[in-house]
Amino acid sequence: MFNKTKILKNISWSWALFIGLIILSWSIIVLFSGENPLNVFYYLLEGSVGNYNAFFSTLDKMFVLILTALAVSIPGSAGMWNIGGEGQFLLGGFTAAWLAIYFNTHLASLNIIIVLSFSAAAGALWAYWPALLKVRLKVDEVVTTLMGNYVIVFFTSYMVNFPYRASDSTWPRTEYIPDNFIIPPVSNLPFSYTFFISIAILIFIEIIRKKSILGYEYSMVGKNELFAKQGGIDVGKVKVRSMMIGGALAGLAGGLMVLGLTYKFMDGFSPGYGYTGLLIALITGNLPIFIFGIAFIFAALQVGSINMQLFTNIPAEISKVLQSVLVFFITAQRTINIKIKKKERADNYE
Amino acid sequence: MSDIILTIYISTVKMAIPILLASLGGLITYHAGIINVAMEGLMLSGAFAAVVFSYMYSSAFMGILGAIIISVLFSLLYSFFVTTLKANNFAIGFALNIFISSLTLYLTRIIFKGQNVFNSPDIKAIPNLSFNLGSQVLNNLFTNFSILVYLSIILIFVISYFTFKTPFGLWLRAAGSRPNALVTAGIKISVIQYSASILCGIFCGLAGAQLSLSNVVLFSKDMSGGRGFVALAVILIAKGKPSLVLAISLLFGLFDALSIQLQSSYIPPQFLFMLPYLVTIGSLIIISISRKRNPFIR
């Protein structure tokens, strides 16, 4: 017999258990520091969604996470692993700061568009060679993109420590970018147009994925390479392109970060945004609304933890611990759900 | 001049051992059909636990034991997701790496307020084993390394024997290459994969202990520095052969050592730090080209 209320009840119970377990594990991690978890959660919420300012600062941090997540999920849909988001992001950011300091058209909109294009191109270029190696020589792209991250970390660190270091800086950084490169805040609110750019890209990519031949080709290559090959798709080309699009988005995120948030490039420019994007992509699959939602939660934890650090003894680094705990639970929940569905299907056949 | 060569040699052995140990651990799961991307995190958890336990009990032995226990626990967590829940091993591996990287930093910051380094004179280092071989040259080459260095050389043979000569080794390789045959033989794949995972945890814990209690005697943020992934590259290049693992680990250890030893020269340090990673990429490319030219080379 089909009992709707019973199913609903079961679902809400499993959700309550799921959220309860997350809060419980978060509390245990907070307890390591000897603080009261309730206090900590209060300050986290206050600092991320507690008032207009906090809420908009959270939104302001989302664009990086959305774009770096897409940088993994687009190659992922074509069966490629792009772990190089961190390096592509750093290279995009450095390119933006470097161009903005050494060239100027004196036309703000043109400046921004040119600089962002170069950031995206730099990211795409850094994703190109691992993809090519994978397609031509079967070199594992997980290892090469990851090793590439370390190379770029040291390369950009060299650039801001030696040739392009601002003369008056105590911490290695470039000069500040000129005013006519800055992406302005939205009417005095503490968040800039970068947010809308990332949302536009998210929607645009979803439309391409669902409605265009290109999107169909990508998912076909990702799901069944042999079938795609039989259907006349140049699998290698699709794979390389998907990686380059991913790299371009990560590079663009770096460029937007310089033009809209930091206004310079410095040592330690990224506290691991590439890897955070990777986590988001891994748990959201390819659903844009999930990418948006998880990016919001991750950004809220990141922004809220800075507020929490002011009032408690807990370092802001806890945000990443909480984020990764969330990833464990979401992964577990998804895989268990798949198992249950499979079992139900098997039961139906009997 | 010979002094410099000797210093580089000693430093090469020291830097190669963590990579070697992690590769041996990863090799076991590789044969069991799991490409282990969590080695980076496991090694880091081992390094952190080693320092904490050595500090708490003022004993290097407790440090090593702690490293093994913590690393095995995380390895079991990884295995629970990969083997039992059938989650994607890349996804959960990277989640675990980021979790451990941030958790160890968080705990370090709580213990030593606002610092990225866990450092104290109370941390006991792993003692070096010195014995007399009768000649100065031989003594220089083969003595005065940490106990783990000798242990890991022995372990290469143990693992080699274990994987290719024992029934368990056979099941292990079957779990990776012929899982159906294993099921037919009445052996549970999950049991094999969990045991492989425990062994991998032990090896990664030892690798971490060598990093934080012998190469240096402190814990610093992300001190494994991608060596877990270098170990993954070693396994992919060696295609699961323990003897090749030693040679390749030594090669990567050499470039690690060079990047430290050459720092007084005119080259900016950042380019030297890049060296081990560039060499890893380079060797992956070279090995792929040679495999493509002659597919029968193993």
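Residues numbered from 1 in each chain as written. Chains lettered and ligands numbered in written order. Predicted model: local features only at pLDDT ≥ 70, side-chain atom pairs only at ≥ 80, totals over all residues.

Chemist: So what's going on with the overall build of chain A? Which residues, and what values?
Modeler: Helix and strand counts for chain A stand at 13 helices and zero strands. Going from the N terminus to the C terminus, chain A shows its helices and strands as α-α-α-α-α-α-α-α-α-α-α-α-α. Compactness check: chain A gives a C-alpha radius of gyration of 22 Å against a globular reference of 20 Å for 350 residues, within 12% of the reference. By its C-alpha atoms, chain A is 75 × 60 × 35 Å across when sized along the principal axes. For chain A, with 350 residues in total, the buried portion stands at 47%. For chain A, long-range pairs separated by at least 24 residues make up 78% of all intrachain contacts whose partners lie at least 6 apart in sequence. (Helix = DSSP H or I, 4+ residues; strand = E, 2+ residues; numbered from the N terminus. Rg over C-alpha atoms; globule rule 2.2 N^0.38 Å. Buried ≥ 20, exposed ≤ 12 C-beta atoms within 10 Å, placed from the backbone. Contact = placed C-beta atoms within 7 Å.)

Chemist: Quick one: what's the story with the overall build of chain B, residue by residue and with numbers?
Modeler: For chain B, the helix and strand inventory stands at twelve helices and four strands. In terms of overall size, chain B behaves like a compact globule, its C-alpha atoms giving a radius of gyration of 19 Å where 298 residues would be expected to give roughly 19 Å. Based on the C-alpha atoms only, the size of chain B along its principal axes is roughly 60 × 50 × 40 Å. Taken across its 298 residues, chain B has 51% of its residues classed as buried. If you take every contact in chain B between residues at least 6 apart in sequence, the share linking residues at least 24 apart comes to 74%.

Chemist: Describe in detail helix H6 (residues 141-161) of chain A, supporting the description with residues and values.
Modeler: Over its 21 residues, H6(A) extends 30 Å from the first C-alpha to the last, a length consistent with the 30 Å expected when each residue adds 1.5 Å. Burial within H6(A) is extensive, with 17 of its 21 residues counted as buried. (Expected span 1.5 Å × (residues − 1).)

Chemist: Which residues make up the interface of chain B and chain A, and what values go with them?
Modeler: Taken residue by residue, the interface counts 38 residues in chain B and 37 residues in chain A. Those elements that place two or more of their residues in the side of chain B that touches chain A are helix H4 (89-111), helix H10 (227-238) and helix H12 (269-293) of chain B. It is H4(B) that provides the largest number of residues to the side of chain B that touches chain A, a total of 14 residues. A per-class count over the side of chain B that touches chain A returns 30 nonpolar, five polar and three charged. (Nonpolar A, V, L, I, M, F, W, Y, C, P; charged D, E, K, R; others polar.)

Chemist: Explain the environment of B:Val234 residue by residue, including any values.
Modeler: Inspection of the secondary structure puts B:Val234 in helix H10. Once the C-alpha coordinates of B:Val234 and B:Leu27 are considered, the two residues, 207 residues apart in sequence, prove to be 9.3 Å apart.

Chemist: Give a detailed account of the confidence of the model for chain B, specifying residues and quantitative values.
Modeler: Model confidence for chain B is summarised by a mean pLDDT of 89, while 98% of its residues fall at 70 or above. Across the assembled chains, the prediction reports ipTM 0.90 with pTM 0.92. (pLDDT = per-residue confidence, 0-100.)

Chemist: Any details on the environment of A:Leu326? Residues and values, ideally.
Modeler: Residues and elements named next belong to chain A. Here Leu326 shows up in helix H13 (residues 318-349). Residue classification places Leu326 among the buried positions, given that 20 C-beta atoms sit within 10 Å. Taking the C-alpha atoms as reference, Leu326 lies 6.7 Å from Ile22; in sequence the two are 304 residues apart.

Chemist: Outline the environment of A:Ile152, listing residues and values.
Modeler: Residue and element names in this part refer to chain A. When you line up the elements, Ile152 lands in helix H6. Sequence separation of Ile152 and Gly274 is 122 residues, and the distance between their C-alpha atoms is 12 Å. Look past the residues within four positions of Ile152 in its chain and what remains in contact with it is Gly87, Leu90, Leu91 and Trp126.

Chemist: A description of unusual backbone geometry should follow, citing residues and the corresponding values.
Modeler: All names here are of chain A. In the Ramachandran plot, Lys138 falls in the positive-phi region, its phi being about 60° despite a non-glycine side chain. Position of Lys138 among the secondary structure elements: in the loop between helix H5 (108-137) and H6. Taking the C-beta count within 10 Å as the criterion, Lys138 has 11 such neighbours and is therefore assigned exposed. Of note in this structure, Tyr263 is not a glycine but carries a positive phi near 60°. By the secondary structure assignment, Tyr263 is in the loop between helix H10 (235-262) and helix H11 (273-284). Its 19 C-beta neighbours within 10 Å are what place Tyr263 among the partly exposed residues.

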